Amino acid sequence: MAQEPVTVWTRAERGARGRLPAHSRADLAAVAVELADRGGLSAVSMRQVAKELGTGQASLYRYVSSRDDLLDLMTDAVAGEIDLDVPLHGDPVADLVALAARAKAVHLRHPWLPDIPPEPLRLGPRSVDYLEYALRAMASVRLPGPAKMEIVALMSALVAQFARAEIQGSRATTDRQAAQAAYLSQTASQGDHPHVAAAMADHPGAAPAEDPQRLFERTMRRVLTGLVVDDITAADVEDVEEDAETGEEAVEAETESEGGGHPR
C-alpha cells in the first residue's frame, strides 16, 4: 500500500527513539537563509548547510528529506518577518496594499526570495498566518473563498515580480538604462508605433524615474481595486437583478390569481 505524501511540516521533527537531534529545522533554516543572503540561492546546498552546522551531510536527512524541504523552511522563516500585528482598518484594498508593501520589503531584504520556484501550496505555519491575515482583510468582500485565495496568490506573484524588477534595476548600470531608454524613444519616433509614441509623450524618457515604492503601491491599488471593488459591485448588481426577478414573479402570480390567469 502506497504511503500518503507528506510535507516537511507534517513529518515528525525527531523520531520516537534514539538520541535527541543536535539541531532543529529552525537551525537549518537560519543557516540556509544566511547562505542565500550572502551568495544567492545557488549558494544553498545540503553539503554547505551541513558544513556551516559542523555536521555531516547525511545527518541533515534526519530533519529534511530533500533540498525542496530546505527551501520550504527558508521561505517560511522569512515569511515570519512580515508584520501581521498591524491593525486592519476595514478598507480591503488599503489593507492588502499595506500588507503587500510589507511583504515586498522582506523580498528586498532577501534578494533570493523571488527566485524560489513558485508552488501554489508552498505554505508553512507562518505563510498560513499570512494567508489568514489577507483573508481577514477581505472579510467584508462578497466573493467566494476560492476567488479570495486567487486574489492573494496574484498579489503574492506581483510582490515577487516587483521585488525582482527592483533588485535587477538596482544592479543595472546607469549607462545601460540610458541606452535602453534612448532606443525606445528613437524607435517610437519613427512612426510605426503611434500608440507607444503617444504613451511616451505623456512620460518622456528624459523624465526622472518614478520612485519604485510609489509605482508599486499605485499598481497594487489599481489591480486590487479591480479585483475586489468591481466584484463587490457585480455581486450587488446580481442581488438587484435577483430581487427584480423575484418581484416580477410575485406580480405575475398576483395577476394570475386575481384575473384567472388572464390580463384584465
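If you're wondering where the values come from, they're calculated on a predicted model, not measured in any experiment.

With respect to the element layout, H110 can be found in the loop between α4 (92-109) and α5 (125-137). In this structure H110 comes out as buried when scored by relative accessible area, which is 6%. Here E81 takes part through its side chain, which lies 2.9 Å from a polar atom of the side chain of H110. Leaving out residues up to four positions away in the same chain, H110 has contacts with V33, D37, V78 and E81.

It is worth spelling out helix α2 (residues 46-53) at this point. Turn by turn, an α-helix covers 3.6 residues, leaving residues three or four places apart pointing in a common direction. For α2, the full list of buried residues reads M46, V49, A50 and L53. Buried residues in α2, looked at end-on, bunch into an arc of 100°, giving them a common side. Among the exposed residues of α2, those pointing more than 90 degrees away from its buried face are R47 and K51. On its buried face, α2 sits against α1 (25-39) and α3 (67-79). Two residues or fewer after α2 comes G54, characterised by a positive phi angle close to 70°.

Applying the stated criterion across every chain yields a total of one aromatic pair. Across from the ring centre of F216, 5.1 Å away, lies the NZ or CZ of K104, which sits over that ring.

Another point: α3. The end-to-end C-alpha distance of α3 is 18 Å, a good match for the 18 Å that 13 residues give at a rise of 1.5 Å each. Of all the 13 residues making up α3, 10 are buried; the element is thus mostly covered by neighbouring parts of the structure. Burial in α3 covers these residues: D69, L70, L71, D72, L73, M74, T75, D76, V78 and A79. Those residues of α3 hidden inside the fold are in contact with α1, α2, α4 and α5.

Here α1 crosses α3 at 85°, and the two axes come no closer than 9 Å. Comparing their axes, α3 and α1 come out roughly perpendicular. Between α1, through R25, L28, A29, A32, V33 and A36, and α3, the contact on the second element is made entirely by L70, L73, M74, A77 and V78. For the contact of α1 with α3, the class distribution of residues is 10 nonpolar, no polar and one charged.

Moving on: the side chain of K104. Within the secondary structure, K104 is located in helix α4. On the basis of relative accessible area, K104 is assigned to the buried category, the value being 2%. A distance of 2.9 Å separates the side chain of K104 from the side chain of Q213, its partner in a polar contact. In this view, K104 contacts V159, F162, A163, E166, Q213 and F216; residues no more than four positions away in its chain are not counted.

Once that is clear, we can look at the confidence of the model for the protein chain. With 75% of its residues at a pLDDT of at least 70, the protein chain reaches an overall mean of 81. Ranking the elements of the protein chain by mean pLDDT puts helix α9 (residues 212-259) last, at 65, and α4 first, at 97. Long-range and interchain partners of residues 234-241, a stretch whose pLDDT sits below 50, account for three contacts in this model, where long-range means more than four residues apart. The model gives residues 260-264 a pLDDT under 50, and that stretch makes four contacts with residues more than four places away or in other chains.

Another point: the environment of G40. On the secondary structure map, G40 appears in the loop between α1 and α2. On a C-alpha basis, the gap between G40 and W112 in space is 5.4 Å, while along the polypeptide they are 72 residues apart.

A word on the packing of α1 against α2. Running from N to C, α1 and α2 cross one another at 110°; their axes reach a closest spacing of 10 Å. Looking at the two axes, α1 sits roughly perpendicular to α2. Note that α1 runs across α2; the crossing there is right-handed. Each of D27, L28, V31, A32, L35 and R38 in α1 lies in contact with α2, whose residues at this interface are Q48, V49, E52 and L53. The residue inventory of the contact of α1 with α2, partitioned by class, reads six nonpolar, one polar and three charged.

Among soluble globular proteins, nonpolar side chains are generally buried collectively. Ranked by size, the top nonpolar core spans 51 residues in total, and within it V49, M74 and W112 carry the most contacts. At the level of secondary structure, the elements contributing two or more residues to this core comprise α1, α2, α3, α4, α5, α6 (145-171) and α9. Per-element accounting of this core gives the leading share, eight residues, to α4. In this view, V49 contacts L28, V31, A32, L35, V44, L60 and L70; residues no more than four positions away in its chain are not counted.

Moving on: the pattern of salt bridges. Summed over all chains, the structure comprises five salt bridges. Between E34 and R38 there is a salt bridge; the shortest N-O distance is 3.1 Å. Note that E34 and R38 are positioned in helix α1 at a spacing of four residues, about one turn of the helix. Given a relative accessible area of 52%, R38 falls into the exposed group. The residue R109 makes a salt bridge to E81 at a minimum N-O spacing of 3.1 Å. On the criterion of sequence distance, the pair formed by R109 in helix α4 and E81 in the loop between α3 and α4 is long-range, its members being 28 residues apart. We classify E81 as partly exposed; its relative accessible area is 35%. What emerges from the salt-bridge pattern is a single network uniting E34, R38 and E52.

What counts, and at which threshold
Residues numbered from 1 in each chain as written. Predicted model: local features only at pLDDT ≥ 70, side-chain atom pairs only at ≥ 80, totals over all residues. Heavy atoms only, no water. Helix = DSSP H or I, 4+ residues; strand = E, 2+ residues; numbered from the N terminus. Buried < 20%, exposed > 50% of the residue type's maximum accessible area, 1.4 Å probe, protein only. Polar contact = N/O pair within 3.5 Å; in protein donor to acceptor, adjacent residues only side chain to side chain. Contact = heavy atoms within 4.5 Å. Arc of directions from axis to C-beta. Phe/Tyr/Trp six-rings, centres within 6.5 Å; stacked < 30°, edge-to-face > 60°. Lys NZ or Arg CZ within 6 Å of the ring centre and 35° of its normal. Expected span 1.5 Å × (residues − 1). Axes fitted to C-alpha atoms, helices over the stretch in contact; angles between N-to-C directions. Parallel < 35°, antiparallel > 145°, perpendicular 65-115°, else oblique. Nonpolar A, V, L, I, M, F, W, Y, C, P; charged D, E, K, R; others polar. pLDDT = per-residue confidence, 0-100. Left-handed = near helix turned anticlockwise from the far one by under 90°. Core = buried A, V, L, I, M, F, W, Y, C linked by side-chain atoms within 4.5 Å. Salt bridge = Lys/Arg side-chain N within 4 Å of Asp/Glu carboxyl O.

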